[in-house]
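Given next are the chains, with one letter for each unit.
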Amino acid sequence: MTDGTSWMRDRLEEPAVESVDLRIDLPHSARMYDFWLGGKTNFPPDRALGEAFEQAIPSIKVMARENRRFLGRAVRYLAGEAGIRQFLDIGTGIPTEGNTHEVAQATAPDSRVVYVDNDPIVLAHARALMDSTGSGRTAYLHADLMEPEKILADPTLARTLDLDQPVGLTLVAVLMLIADRDDPWAKARVLMDALAPGSYVAITHPGTDFNPTAMAAVVEAAAKGNMTLVPRTRDEVARFFGDWELVDPGVVPVMGWRPEGDVPADPSAAYYWSGVARKR
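For every chain, the first residue of the written sequence is number 1, and numbering continues from 1 onward in sequence order. In keeping with the predicted nature of the model, local features appear solely for residues at pLDDT of at least 70, side-chain atom pairs appear and are counted solely at 80 or more, and the whole-chain, interface and lining totals rest on all residues. Side-chain measures here rest on the full set of heavy atoms in the structure, leaving out hydrogens and waters.

1. What about the overall build of the protein?
Broken down by element type, the protein carries 12 helices and eight strands. Of all 280 residues assigned to the protein, the portion counted as buried reaches 52%. For this analysis, residues touch if any pair of their heavy atoms sits within 4.5 Å. Contacts in the protein between residues at least 24 apart in sequence constitute 75% of all its contacts with a sequence separation of at least 6. As displayed, the protein has an accessible area near 12,300 Å², and 51% of this comes from carbon and sulfur atoms. Only DSSP runs of H or I reaching four residues or more are called helices, and only runs of E reaching two or more are called strands; each is numbered from the N terminus. Three exposure classes are used, based on accessible area relative to the maximum for each residue type with a 1.4 Å probe and protein chains only: buried under 20%, partly exposed in between, and exposed over 50%. Areas reported here follow the Shrake-Rupley algorithm with a probe of radius 1.4 Å; residue values treat only the protein chains shown as occluding.

Right under this line is the structure:
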């Protein structure tokens, strides 16, 4: 890993952005989240499928916001109480308020963050993620969780993060996009196994347990939009953490993970499981 004073030189060495097909004719999960969060970087197919999800789950926009709030709480915990200074954010999404590097560097200005997403629209917006504090650094990889080995082998990651030191890995609302046949547990494990002891992983995942009928409807809508979506049970989500030590309160509804302010009256109103765990 380079020293903190060379971050600008490294940034200039980033490969040039290639011309890519943005495929705005197909819905994409990152742009659907942008739509639910009230953003402007989404297109008719994203809005159409997003609205279909909302018909099945009228609270889907609230759920998107709660996922974002969890990310903020988890990163603040990691950068603060846990002392993490390196973050690997998988499934970054469209830049919006409260990006991982903004939250981490507000607590620890020297935090370094690598963002990973497979949506070319996110690639086009990557420069917005590069605004960092002088002692910290951000970088972006156009890569796919389906190929975790390529993420780990990318030279940009090695220039930004030191995997011999603890890392905070975030997998927020992304693992549900991998079908069981493609073994999302193994994909996550490749990344987790590469991290040093003292690292953490933060995960959210839609749960079938909350409202099976509504979840079946969004799965059907996703399939019609040529999108894979696999909600899972609490036990299936807990399996992602493996033998890592769960941080209190464990695997809980996303609104119930260390809420700030008043405890929500109904933590299960957002149909996502969540948790943070530490590698021993």
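That was the structure; now back to the text.
2. Looking at helix 2 (residues 29-36)
In terms of residue burial, helix 2 counts as a mostly covered element, since eight of its eight residues are buried. Along helix 2, the residues classified as buried are S29, A30, R31, M32, Y33, D34, F35 and W36.

3. Some thoughts on unusual backbone geometry
The peptide bond linking D248 to P249 adopts the cis configuration, its omega dihedral lying at 20°. Tracing the sequence through the fold places P249 in the loop between strand 6 (245-246) and strand 7 (252-253). At A173, a position not held by glycine, the phi torsion is positive, near 55°. In this fold, A173 is placed in the loop between strand 4 (168-172) and helix 10 (184-193). With a relative accessible area of 13%, A173 lands in the buried category. We note that D183 has phi near 55°; this positive angle belongs to a residue other than glycine.

4. Regarding the confidence of the model for the protein
Each residue gets a pLDDT score, which is the predictor's confidence in that residue and runs from 0 to 100. For the protein, per-residue confidence averages 89 on the pLDDT scale, and residues scoring 70 or more make up 89% of the total. Confidence drops under a pLDDT of 50 for residues 1-17, and excluding neighbours within four residues, the segment shows 28 contacts in the predicted structure.

5. Quick look at the pattern of salt bridges
Side chains that carry opposite charge are capable of pairing whenever their charged atoms lie near each other. Should a side-chain nitrogen of Lys or Arg be within 4 Å of a carboxyl oxygen of Asp or Glu, the pair is scored as a salt bridge. Following the criterion strictly, the structure yields 11 salt bridges and no others. Here R69 and E66 are joined by a salt bridge, their closest N and O atoms 2.8 Å apart. Taken together, the residues span about one helical turn, with R69 and E66 both in helix 4 (residues 60-79) at a distance of three residues. Judged by relative accessible area, E66 falls into the buried class, the value being 9%.

6. Quick look at the side chain of H205
Residue placement: H205 occurs in strand 5 (residues 200-206). H205 sits in the buried class, given a relative accessible area of 0%.

7. Considerations on the pairing of strand 8 (residues 272-278)
A large share of strand 8 lies buried, amounting to six of its seven residues. A pair of strands is treated as paired once DSSP finds two or more bridges between them. In this structure, strand 5 lies alongside strand 8, joined through seven bridges in antiparallel fashion. If you follow I203 over to strand 8, its bridge partner there is G275. When strand 7 meets strand 8, the two strands line up antiparallel, connected through two bridges. Its bridge partner being in strand 8, P253 is matched across the sheet by W273.

8. Overview of the environment of A217
The topology assignment puts A217 in helix 11 (residues 212-224). Separated by 162 residues in the primary sequence, A217 and Q55 place their C-alpha atoms 9.0 Å from one another.

9. Details of the packing of aromatic side chains
Pairing of aromatic side chains here covers Phe, Tyr and the six-membered ring of Trp, requires ring centres within 6.5 Å, and sorts the geometry by plane angle: under 30 degrees stacked, over 60 edge-to-face, intermediate tilted. Inspection of every chain in the model, using the stated rule, returns eight aromatic pairs. Seen in terms of ring centroids, Y33 and W36 are 5.3 Å apart; in terms of plane orientation they differ by 70°. Their pairing is edge-to-face. In this pair, Y33 and W36 are both assigned in helix 2, three residues apart and thus about one turn of the helix distant. In this structure, Y33 and W36 share a single accessibility class: buried. Ring centres 5.7 Å apart and planes at 35° place the aromatic pair W36 and F53 in the tilted group. Taken together, the positions of W36 in helix 2 and F53 in helix 3 (residues 44-56) put the pair 17 residues apart, joining distant regions of the chain.

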